[in-house]
Structure formats: structure tokens, C-alpha cells
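# What the coordinates show
Here are the chains, one letter per residue:
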Amino acid sequence: MATNRTFTMIKPDAVEAGNIGNILKMITDGGFKIVAMKLTHLSETDAKKFYAVHAARPFYGELVEFMSRGPIVAAILEKENAVEDFRALIGATNPAEAAEGTIRKAYAKSIGENAVHGSDSDENAAIEAAFHFAGREIF
Ligand code: RTP
Ligand code: MG
């Protein structure tokens, strides 16, 4: 059954560039309600665990290094059809292919440093939310 929640991270590149506020505005203007949020920093071990699904991919080492190099914003977002609609709002993985009006078109630098994460399924949204948040931090 489709849930109405997804999980996102504003990645280290976008935090470094001072784009937390701009990206949160695009998220709330897009109709998403923030039901959990924190500024946090993934250790290398955390990043390896979070992206374990990509362990066999050639970019895994680079991805882990990137995601653990500085603070991120982690958040849970609520909206009808949240997972699919949020993937549409963030745009293609490669910003060169991201549509006009998407977060990655506006703020991503490259296919690796692409500003935001969005869960790719309801199941993964629940797993990723639980990775970052305790029940009492979710509203
Ligand atoms: P995300 O999981 O972060 O929302 O991104 P996505 O679904 O659009 O892309 P995915 O295939 O899940 O890849 C996860 C992240 O790995 C980095 N990546 N680098 N150098 C490369 O070719 C490459 N490909 C992917 C990106 O940070 C991507 O978002
Ligand atoms: Mg993904």
C-alpha cells in the first residue's frame, strides 16, 4: 500500500553552498509537509550502511566519501503520492538531464554531487526514515 511519506537528505554539497533554505522552500512550495528534520553528519560507517545497496557500483567509494564529508539535512516529508512526486521534484540523478524547475536543475553540480536524495520506494522510505529518526522525532 502506498504511504504518504518519503525520506530526503540535503547533501553536503548543497549545505556547503548555503542552499538549505532555498531547497526547503522548493520542498514546501511543492506541497510537502516536513514531519521530521535535523542537521546531522554521517560517519563513513553510516554512509556505507545507508548506501549499502550501491556497494557493488563503481562510484560507491566516491559516494561514501562525499556523503560523509560534511553535514547534511535529513527530513521526512508528507504528501499524497510522496515518493513519486518527490522524485519528480528533485529531477534526474544527472543535473545535465534534470528538467527545468527541479531541485537538481537549480542546485546540483554533477551526477555525483547532486544536492538532494529522495527515496525510490515506499519500502525504502520507511527503512531510510528509521535509519535517521527515532519515533519521538517524527510528528
Ligand atoms: P539518490 O538515491 O541520492 O536520491 O539518487 P538517485 O536515486 O537519483 O541515484 P542512485 O542511482 O540511487 O545513486 C545514488 C547516488 O550516487 C551518486 N552517483 N554517482 N558518479 C556516478 O556515476 C554516480 N552515479 C550515482 C549520486 O550522488 C546519486 O544520487
Ligand atoms: Mg537512489
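Since the structure is predicted, the reported quantities are computational estimates derived from the model, not experimental observations. Every chain is numbered on its own, with residues counted from 1 as its sequence reads. The order in which chains are written sets their letters, starting at A; the order in which ligands are written sets their numbers, starting at 1. Local features in a predicted model are, by the rule used here, given only for residues with pLDDT of at least 70; side-chain atom pairs are given and counted only at 80 or more, and totals for whole chains, interfaces and linings are based on all residues.

In this section: the confidence of the model for the protein. Values of pLDDT, the confidence the predictor places in each residue, fall between 0 and 100. Looking at the protein, the pLDDT average stands at 97 and 98% of residues meet or exceed 70. As scored by the predictor, the complex reaches a pTM of 0.97 and an ipTM of 0.96.

UniProt positions are given in the numbering used here, feature names are shortened, and annotations may be inferred rather than shown by experiment. In the numbering adopted here, UniProt assigns the feature "binding site: ATP" (unreviewed entry) to Lys11, Phe59, Arg87, Thr93, Arg104 and Asn114. As for its position among the elements, Arg87 is in helix H5 (residues 82–90). Note on contacts: residues are paired as contacts if their backbone-placed C-beta atoms lie within 7 Å. Once residues within four sequence positions are removed from consideration, Arg87 is found in contact with Gly118 and Asp120. Looking at the element boundaries, Asn114 is found in the loop between helix H6 (103–107) and strand S4 (116–118). A tally of 23 C-beta atoms within 10 Å means that Asn114 is categorised as buried. For Asn114, the residues in contact, after removing those within four places along its chain, are Lys11, Thr93, Pro95, Arg104 and Ala108. Each helix corresponds to a stretch of at least 4 residues labelled H or I by DSSP, and each strand to a stretch of at least 2 residues labelled E; elements are numbered beginning at the N terminus. For every residue, the other C-beta atoms within 10 Å of its own C-beta are counted; 20 or more classify it as buried, 12 or fewer as exposed, and values in between as partly exposed. C-beta atoms are placed from the backbone.

Turning next to unusual backbone geometry. Despite not being glycine, Asn81 has its phi angle at roughly 60°, a positive value. Of note, Asn81 is situated in the loop between strand S3 (72–78) and H5. Positive phi is not limited to glycine here, since Ala115 has a value of about 75°. Counting through the fold element by element, Ala115 comes out in the loop between H6 and S4. Judged by local crowding, Ala115 falls into the buried class, with 28 C-beta atoms found within 10 Å.

A word on the nonpolar core. With 31 residues, the main nonpolar core has Ile23, Leu77, Phe86, Ile103, Ala115 and Val116 as its most contacted residues. Contributing elements (two or more residues each) for this core: strand S1 (5–10), helix H2 (20–29), helix H3 (44–50), helix H4 (60–67), S3, H5, H6 and helix H7 (122–132). Discounting chain neighbours no more than four positions away, the residues touching Val116 are Thr8, Met9, Ile10, Lys11, Ala14, Ile23, Ile90, Ile103 and Arg104. Take the buried Ala, Val, Leu, Ile, Met, Phe, Trp, Tyr and Cys residues, join any whose C-beta atoms are within 7 Å, and the set you get is a nonpolar core.

Position of Gly101 among the secondary structure elements: in the loop between H5 and H6. In this structure Gly101 comes out as exposed when scored by C-beta crowding, with 12 C-beta atoms within 10 Å. Along the chain, Gly101 and Ile90 lie 11 residues apart, while their C-alpha atoms are 8.9 Å from each other.

The next subject is the sheet that holds S3. We call two strands paired when DSSP finds no fewer than two bridges between them. Across the sheet, which stays open at both edges, the four strands sit in the order S2-S3-S1-S4 with antiparallel pairing between neighbours. The open sheet terminates on both sides in strands that have one partner only, identified here as strand S2 (33–40) and S4. Taken pair by pair, the neighbouring strands of this sheet meet at an average axis angle of 15°, ignoring direction. In this sheet, S4 lies alongside S1 in antiparallel orientation, the contact comprising three bridges. Paired with Ile10 across the two strands is Val116, which belongs to S4. Axis lines are fitted through C-alpha atoms, for helices just across the contact stretch, and the angle between N-to-C directions can take any value from 0 to 180 degrees. In this fold H5 packs onto S1, S3 and S4, with an angle of close to 30° to the strand it touches most, S1. Where H7 meets the sheet, it contacts S1 and S3, and its direction lies at approximately 55° from that of S1.

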